[in-house]
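What follows is the residue order along each chain.
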Amino acid sequence: PGRNQLVKDEENAKEKFKDATVCKAYLVGCCPLDASLLGGKRKFAVCEKIHSDMMKEQLNKHPDAEQLKREYEKMLLRELDFVIRECEAHIALENNRVRE
């Protein structure tokens, strides 16, 4: 490979955190569907994306880090809303079961 190819590969390596296989929620805080947080008590599908501290560092060093973090935080809020709705539905079902 030529010199230009090596430079391009190096730049791509610095932005691996943008890959679809990386959990954006984890990059900006915590993933609500992380197996260690769920504890197996609910029937949530565990997040199968990459949770990497190295990717967090790449994000923090990126020139557009603040803009990207805001975008990823919006994604995290949607995931948290989903988890909250699921838990509230479970609570409602259990309350009905206990009342009967």
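Residues numbered from 1 in each chain as written. Predicted model: local features only at pLDDT ≥ 70, side-chain atom pairs only at ≥ 80, totals over all residues. Heavy atoms only, no water.

Visitor: Sorry, what's going on with the nonpolar core here?
Guide: One recurring pattern in soluble globular proteins is that nonpolar side chains are buried together. In this structure, Phe17, Cys23, Leu27, Cys31, Leu33, Leu59 and Tyr72 are the most contacted members of the largest nonpolar core, which totals 18 residues. Looking at this core, the elements that each hand over two or more residues are helix H2 (24-27), helix H4 (53-61) and helix H5 (65-99). In terms of residue count, H5 provides more of this core than any other element does, 4 residues in total. (Core = buried A, V, L, I, M, F, W, Y, C linked by side-chain atoms within 4.5 Å. Buried < 20%, exposed > 50% of the residue type's maximum accessible area, 1.4 Å probe, protein only. Helix = DSSP H or I, 4+ residues; strand = E, 2+ residues; numbered from the N terminus.)

Visitor: Where do I start with the side chain of Gln58 in this structure?
Guide: Along the polypeptide, Gln58 turns up in helix H4. In terms of polar contacts, Gln58 uses its side chain to reach the backbone amide nitrogen of Lys16, at 3.3 Å. (Polar contact = N/O pair within 3.5 Å; in protein donor to acceptor, adjacent residues only side chain to side chain.)

Visitor: Can you walk me through the environment of Leu80 in this structure?
Guide: Checked against the element boundaries, Leu80 lands in helix H5. With a relative accessible area of 32%, Leu80 lands in the partly exposed category. Sequence spacing of Leu80 and Ala25 is 55 residues, and the spatial spacing of their C-alpha atoms is 9.5 Å.

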